[in-house]
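# Structural description and commentary
As a plain string of letters, each chain reads:
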Amino acid sequence: MARRTGRSRTALAEAAGGDHLPSWDTVRAFVEACGGDPMEWLPRWNTCGRWRGKIG
């Protein structure tokens, strides 16, 4: 998956681990690698970021 996404194994593992909010670029790459639609996940990522006080 790291090769397909261009993201490091560490970034992908941390994104899947749930200990912190990954960057949108990492989430987008992860979702695309899994065959999902990133635009479906953007509102969820924004909600998590607001809830955790990390974005906007």
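So, here's what we can say about the structure. (Residues numbered from 1 in each chain as written. Predicted model: local features only at pLDDT ≥ 70, side-chain atom pairs only at ≥ 80, totals over all residues. Heavy atoms only, no water.)

### Some points on helix α3 (residues 24-33)
Because an α-helix packs 3.6 residues into every turn, residues spaced three or four apart end up facing the same way. Short version of the rule: Between buried and exposed lies partly exposed: a residue is buried under 20% and exposed over 50% of the maximum accessible area for its type, with that area taken using a 1.4 Å probe on protein chains only. Helix numbering and strand numbering both begin at the N terminus, where a helix is a DSSP run of H or I of at least 4 residues and a strand a DSSP run of E of at least 2. Two residues form a contact once any of their heavy atoms are found within 4.5 Å.
Of the positions making up α3, those classed as buried are W24, T26, V27, A29 and V31. Contacts made by the buried residues of α3 are with α1 (2-5), α2 (9-17) and α4 (38-51). Immediately beyond the C-terminal end of α3, within one or two residues, lies G35, with a positive phi of roughly 85°.

### Quick notes on the side chain of T5
Rules: The definition of a polar contact used here is a pair of N or O atoms within 3.5 Å, where within protein one atom must be able to donate a hydrogen and the other to accept one, and adjacent residues in sequence count solely through side-chain atom pairs.
Here T5 shows up in helix α1. Assessed through its relative accessible area of 17%, T5 is described here as buried. Here the side chain of T5 touches A2 through a polar contact of 3.4 Å, landing on its backbone oxygen. A distance of 3.1 Å separates the side chain of T5 from the backbone nitrogen of R7, its partner in a polar contact. Not counting residues up to four positions away in its chain, the partners in contact with T5 are L12, A29 and A33.

### A look at the environment of V31
Assignment of secondary structure puts V31 in helix α3. As for V31 and T5, which are separated by 26 residues in sequence, their C-alpha atoms are 9.6 Å apart. If we skip the residues at most four places from it in the chain, V31 touches G36, D37, P38 and W41.

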